[in-house]
Amino acid sequence: MAAAPRPGRRGRGRAGGGRVPVNPRSRLRRLAQAPRPGLKVLGQSWRSDRAGTAQVIVTSLVVGVLPACQVTLTAAFATALLRAAGSSRPQAGDILFYLGLLALLGLGSQVLILLQSRAMQRCQSRLSAHLSDEIISRAGRFTLSQVEDPKIQDSLQRAVREVGFRPGMLLSQLVQTVTQVVAFGSVGAILWTLDYRVALLAVLAPVPTVVAQILQGKRAHALEHGRSEERRRLTYWQHLASQPDSMKEVLAFRLAPVVLTHHRKLLAGIVGADLRLANRNFRLAIPMVVLTAALTVSAQATAILAGTDARHVAGLLAVIQAIGMLQSSAQMLYGALSGMYVNQLFLRNVNEFLAIEHTPLPEGELAFPEEISAGVEFRDVSFSYPGSGRHALENVSFTLKPGQVTAVVGLNGAGKSTLGKLLGRLYEPTGGSIVVDGVPLADFRLDSLRDRVSYVFQNYVQYQLSVGENISLGLVHEADRAAGRVEAAAREVGMHEHIAALPQGYGTQAGKLFTGGVEFSGGQWQRLAIARSMVRSASVRVMDEPTAALDTITEAELLDTLTTATAGRVSLLIAHRFSSVLRADRVLVFDRGRLVEDGDHQELMGLGGLYARMYEAQTAGHEPAAGAATGAR
Ligand SMILES: Nc1ncnc2c1ncn2[C@@H]1O[C@H](COP(=O)(O)OP(=O)(O)OP(=O)(O)O)[C@@H](O)[C@H]1O
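Numbers given for residues are sequential positions, taken from 1 along each chain in its written order. Only residues with pLDDT of 70 or above have their local features reported here, since the model is predicted, and side-chain atom pairs are shown and tallied only from 80 upward, although totals for entire chains, interfaces and linings are computed over all residues. To obtain the side-chain values, all non-hydrogen atoms of the structure were included, while hydrogens and water were left out.

**Focus on the environment of Arg452**
By secondary structure assignment, the location of Arg452 is in helix 15 (residues 446-452). As a C-alpha pair, Arg452 and Ala367 span 85 residues in sequence and 9.6 Å in three-dimensional space. We call two residues contacting when some pair of their heavy atoms lies within 4.5 Å. Residue contacts for Arg452: discarding those within four places in its chain leaves Phe368, Pro369, Glu370, Ser537, Ala538, Ser539 and Val540. Strands are runs of DSSP state E lasting at least 2 residues, helices are runs of H or I lasting at least 4, and numbering of each runs from the N terminus.

**Examining the UniProt feature "transmembrane region" (unreviewed entry) in the protein chain**
Under the UniProt annotation, the feature "transmembrane region" (unreviewed entry) is placed at residues 56-83, 95-115 and 284-307. Here residues 95-115 runs as 100% helix and 0% strand, with 30 Å between its end C-alpha atoms. UniProt positions are given in the numbering used here, feature names are shortened, and annotations may be inferred rather than shown by experiment.

**Some remarks on the pattern of salt bridges**
Within this document, salt bridges are pairs made up of a side-chain nitrogen of Lys or Arg and a carboxyl oxygen of Asp or Glu, the two lying within 4 Å of each other. Applying the stated criterion across every chain, the model contains 22 salt bridges. A salt bridge links Asp49 to Arg126; its shortest N-O distance comes to 3.0 Å. Taken together, the positions of Asp49 in the loop between helix 2 (35-48) and helix 3 (50-86) and Arg126 in helix 4 (residues 92-139) put the pair 77 residues apart, joining distant regions of the chain. To sort residues, take the accessible area from a 1.4 Å probe on protein chains only and compare it with the maximum for the residue type: under 20% means buried, over 50% means exposed, and anything in between is partly exposed. With a relative accessible area of 4%, Asp49 lands in the buried category. Linking Arg491 and Glu497 is a salt bridge whose minimum nitrogen-to-oxygen distance equals 3.9 Å. With a relative accessible area of 46%, Arg491 lands in the partly exposed category. Residue Glu497 is classed as exposed on the basis of its relative accessible area, which comes to 55%.

**Some remarks on a nonpolar patch on the surface**
Among the surface-exposed residues, Ile57, Val58, Leu61, Val62, Val65 and Val178 lie close enough to one another that they form a single nonpolar patch of about 410 Å² accessible area. Assignment of secondary structure puts Val58 in helix 3. Patch members must show over 30% relative accessible area and no salt bridge, and they are joined within 9 Å when carrying like charges or within 5 Å when they are nonpolar side chains of Val, Leu, Ile, Met, Phe, Trp or Tyr. Here, Shrake-Rupley sampling with a 1.4 Å probe gives the accessible areas, and only protein chains in the shown set may cover a residue.

**Considerations on the environment of Asn351**
With respect to the helices and strands, Asn351 occurs in helix 13 (residues 313-354). Under the relative-accessibility criterion, Asn351 is labelled partly exposed at 27%. Spatially, the C-alpha atoms of Asn351 and Ala159 are 7.8 Å apart, while their sequence positions differ by 192 residues.

**Quick word on the packing of helix 4 against helix 7 (residues 166-194)**
The contact between helix 4 and helix 7 brings their axes to 8 Å, and the two run at 140°. As for how helix 4 packs across helix 7, the hand of that crossing is right-handed. Counted together, Gln116, Met120, Cys123, Gln124, Leu127 and Leu131 of helix 4 and Pro167, Gly168, Met169, Leu171, Ser172, Val175 and Thr179 of helix 7 form the full contact between these two elements. Interaxial angle, 0 to 180 degrees, is taken between N-to-C directions of lines fitted to C-alpha atoms, where a helix line uses only the stretch in contact. Note: crossing handedness is left-handed where the near helix turns anticlockwise from the far helix by less than a right angle, and right-handed where it turns clockwise.

**What about the sheet that holds strand 3 (residues 404-410)?**
Two strands qualify as a pair provided that DSSP identifies no fewer than 2 bridges between them. On the basis of which strands lie adjacent, the open sheet formed by six strands has the order 6-7-8-3-9-10 and mixed pairing. The open sheet is flanked by strand 6 (453-456) and strand 10 (594-599), the only strands paired with a single partner. Taken pair by pair, the neighbouring strands of this sheet meet at an average axis angle of 20°, ignoring direction. Looking at chain direction, strand 9 (residues 586-591) and strand 10 are connected through five bridges and run antiparallel. Paired with Val587 across the two strands is Gly599, which belongs to strand 10.

Here it is as structure tokens:
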């Protein structure tokens, strides 16, 4: 069910971590293609901020021609100085003119660089926000099975990690490349006309260092890619040791040493791999640095020898300045190119995630009925979770009647919650079909279906938002979002008085995660979850252990509301407590994914089967051990 990540453009899907050997020629081709992801990022930047991107491009081009201007002006200045030295007439005007131009050039460069940097920061920030937005919006379109796939979790985690800074780095390196290509070309042309050998050596000198940088970047990328799950595990242990929900068990069970042991073990693995990489990188860098130094010295020596032959001091000055500029420009250019190459490797994590197919659920055009007339029918439905060889539900057939509350009971793992999730198409049956008033679920529009099927989940979410939002989230897609509906739902679950007494009433921050938050008891959180579900205009209501955390008096009060049959609405109540089950019109009994009994309380007691044993065990004060009903599980 979960889609495998799509292979990359060149057929090298890497989400699964598989590495394909690459020959040297294709390595070169890929290096030559390094600017392509940069150009893609430039396109994304353009879409997220046109004015900023235009500023960045213009300033980069202008900054690029500054070194050539400086070499030319320096030569002209030196010539004016020499002319002044050889002349009996005062030449102060010329000297001051060139001096002024040089000063203006220096000042102009600084201002341009500041402008470029401001525009760059603006673009980087907007670009990162734009891509982050895309990642989160994509993540929201996955099916539940995809979200539960560890490979997709790894991919998402890598994308989220890189999106904060890689696109910005790539953009800045692209701009650097543009600037340095212009600088390199213009200064190189000047130096070539002065001394081509020096020009060649100056250009070649940084190459070994840059090759080392590329190889190091590739190694870093391979290392990070291969340990995504390890990093997620580390984050998990950090979460256990820092979040209030898990900290209570960590403290009560004195689990801190266990957390620390796992945390240290994972960190030791990560640090060990980092150190091994650092040592490998060091061994690689040494010969490359030596080679770069040798080429630099050769360039300088050639320049000095050429300088001794130079007829004019001005020419010599221009050569010396141009060597320095060309070398630094070449170094920056190669650095930017290699940086782009490395960053695009990491940025692939983002693109790889964005390329994961969504396999959208097939859906029809029909609106889900506001009122159900014939019922919701399960026709020979089977379901297995992806990757599981077992049926969670097996050949299940029954009809849920409107205007009735149907309870679902069974031992742990019998498939009750799974059944509820199939109703809202959170999972798709692997066999059989579910039809509503004779129409298959897949023929309804998915948004319409989701709006009409309302849940109280067994593991409901405690939203760290305002108390009012904890309820009104149930209304986001409804035309009428009046505050009165939120308050009415709060009253129905008996929470209104409590909420009204809070410092900011319905606007009070719920939970302790953020400043000024107010913590609720487990039962109060559950009542908010029930209110969130009840506030919706649903024609199918799935309640999975909705009163598990409630005290008996509140439960009794709430059950009146929850089990009041509504005409045109199908209600499914998954429950272990018979205080709930007894209020249902009908009970479905599940055992290891199969529907084994179906009837009202009296009928099921008369059968003397699993239901009767569960009831007797509970009313006697204990439940049967797992497997006791039908053999070992
Ligand atoms: N997300 C999942 N991925 C894989 N298997 C799952 C998943 N959720 C449940 N299962 C498996 O499916 C089977 C049915 O689970 P389900 O949650 O429907 O049981 P249940 O009857 O609601 O149990 P309980 O009474 O404990 O809540 C179990 O064997 C469980 O291990």
